[in-house]
Amino acid sequence: MPQIPHYKSLDSTLALLSDGYSFISKRCQRYDSDIFITRLLLQENICMQGEEAAKIFYDTNRFLRKGAMPKRAQKTLFGEGGVQGLDGDQHRQRKQMLMSLMTPQRINQLANITAEKWRGYINKWENMDKVVLFPQVREILSRAVCNWAGVPLTESEVEQRTSDFGAMIDSPATIGLQHWQGRLARDRAELWLGNIIENVRKKKIEVDKEAALYVIAFHRNLQGELLDKRIAAVDLLNVLRPTVAIARYIIFAALALHEHPEWQQQIQADEDNYIELFVQEVRRFYPFFPFVAARVKQEFDWKGYRFPQGMRVILDLYGTNHDARLWEQPEEFKPERFRHWDGSSFNFIPQGGGDYYQNHRCAGEWITIAIMKEALKLLTTNMRYDVPEQDLQINLSTMPAIPKSQFLISNVRQID
């Protein structure tokens, strides 16, 4: 039986933080292999990339999510006890709850609320010398998703709640103060939402029965019991926080528009659903999630390699989306490529792969696409702006990544 290549290092954690999104790809190239073993946080991990690796990674008979995510990610980004860490019937039942929120009508409603909030911000931007777009879009999305989910959000709370959402997103791969800020932000957010959920259950807060707040507050587990209010808060955050995270994709879309102005007219015309092609290429090309983790359920062999029970396995999302075997000229931004995409759930995995209902694929992927499409329409048809000179470099060692300037715009004008 062939041996999985070993990356010879006492521990690769610092190398991971240094290389960021390219960590797995660089070593796969070094070994001319889609798989290798390395030590991270003093534990051995199997790292993989590519379509075939994704297919096996999302086999629920082979892999579990329980205990796979490092504690630092649970304490900041994902939370403890939420749907991401469940398996089997528990996962399917909880995931079905989240997927029930993703009807076309509800998704369209959230996109419309986002557009309404965005137009209000254009009025404000017209009176500003320069606008740092990234934090502004985060605020817009915080307001929109709380409104849509039925979560009360007063004007005085907007800045703090947006800051907390952002800190949770930004901190899993950081060390020191920023990481602890992410932990404190999660604690605040879970306490905030836990109290709201308790008041909804006590009928002190009225909420639409189709809203995420109501659905999650009154969801019952396999034993027929209401979720603990903290666990319910974690899953409600798994609706709110990922929606705010779409701000990164929107900034990348604005950057793509700036760097490829020749596509602006095609986006405005949207012939043959061109906006969606553009959105999908933004999601493929730019860095979002770097990788995801699982643990081996029971020992098995794959392509002659032995996968020991309990071993953590890390799938390279960014590297798979840039795999030259899957994508012609992967380092070129080409929306047209998606006219011929085969629709595979394993070669295009910006927010994970597999089946929405059976696997741990992001439940909000359709929301991401809808909001990005709405944002592109707003950027190209509802407003005009200048892009002043700035540092738009994207550092792939920073996870999650964003242009250094966070995308400055100026001379904003509303178009009726």
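Every chain's residues receive numbers from 1 upward, in the order its sequence appears when written. In keeping with the predicted nature of the model, local features appear solely for residues at pLDDT of at least 70, side-chain atom pairs appear and are counted solely at 80 or more, and the whole-chain, interface and lining totals rest on all residues. Computation of side-chain values covers all heavy atoms of the structure but excludes hydrogens and water.

Undergrad: Could you clarify how one ought to interpret the packing of aromatic side chains in this entry?
TA: How two aromatic rings sit relative to each other is given by the distance of their centres and the angle of their planes. When the centres of two rings from Phe, Tyr and Trp lie within 6.5 Å, Trp using its six-membered ring, the rings pair. Their planes under 30 degrees apart give stacked, over 60 give edge-to-face, and anything left gives tilted. All told, the structure shown has 27 aromatic pairs when counted by the stated rule. Connected via pairs of aromatic rings, a cluster forms that spans F57, Y58, F63, F300, W302 and F307. Should the NZ of a Lys or the CZ of an Arg lie within 6 Å of a ring centre and within 35 degrees of the ring normal, that charge is described as sitting over the ring. Over the aromatic face of Y7 sits the side chain of R27, whose NZ or CZ is 4.7 Å from the ring centroid. A cation over an aromatic ring shows up here: R183 above the ring of W180, its NZ or CZ 4.6 Å from the ring centre.

Undergrad: Got a minute to help me understand the state of the cysteines in this structure?
TA: In a disulfide, the sulfur atoms of two cysteines are covalently bonded to one another. In this description, a disulfide is simply a cysteine sulfur pair whose atoms lie within 2.5 Å. Counting across every chain of the model gives zero disulfides. Distance from the sulfur of C28, which forms no disulfide, to the nearest cysteine sulfur (C47) is 7.6 Å. When its relative accessible area of 4% is taken as the criterion, C28 is described as buried. Each residue gets one of three labels from its accessible area relative to the maximum for its type: buried under 20%, exposed over 50%, partly exposed in between, using a 1.4 Å probe on protein chains only.

Undergrad: Where do I start with the pairing of strand β1 (residues 35–40) in this structure?
TA: Only DSSP runs of H or I with at least four residues qualify as helices, and only runs of E with at least two residues qualify as strands; both kinds are numbered from the N terminus onward. With respect to burial, β1 is a largely interior element, five of its six residues being buried. Strands are treated as partners if at least two bridges between them are detected by DSSP. Pairing analysis gives six bridges linking β1 to strand β2 (residues 43–48), with the strands arranged antiparallel. Residue I35 lies in a different strand from β2, and its bridge partner there is M48.

Undergrad: So what exactly am I meant to see when it comes to the sheet that holds strand β8 (residues 312–316) here?
TA: Sheets are built from strands paired through backbone hydrogen bonds, the pairs being either parallel or antiparallel. Spatially, five strands are ordered β1-β2-β8-β5-β3 in an open sheet, and the strand pairing comes out mixed. Of all strands in the sheet, those with a lone pairing partner are β1 and β3 (63–64), marking the two edges.

Undergrad: What exactly am I supposed to notice about the environment of L141 here?
TA: Here L141 is to be found in helix α7 (residues 133–149). Between the alpha carbons of L141 and W118 there is a distance of 8.7 Å; along the sequence they are 23 residues apart. Whether two residues touch is decided by their heavy atoms; if any such pair falls within 4.5 Å, the residues are in contact. Other than its neighbours up to four places away in sequence, L141 contacts T114, T243, V244, I246, A247, I250 and I371.

Undergrad: It is not clear to me how unusual backbone geometry should be interpreted in this structure. Could you clarify?
TA: Glycine aside, the phi torsion of most residues is negative, and most peptide linkages are trans. Between M399 and P400 the backbone carries a cis peptide bond, its omega angle lying at 0°. By the element assignment, P400 lies in the loop between β9 (383–386) and β10 (408–414). A positive phi angle is found at K203, which is not glycine, with a value near 65°. Mapped onto the secondary structure, K203 falls in the loop between α9 (177–201) and α10 (212–217). Positive phi, normally seen in glycine, also occurs at N273, with a value near 60°. Note that N273 resides in the loop between α12 (264–269) and α13 (274–285). On the basis of relative accessibility, which here comes to 36%, the residue N273 falls in the partly exposed class.

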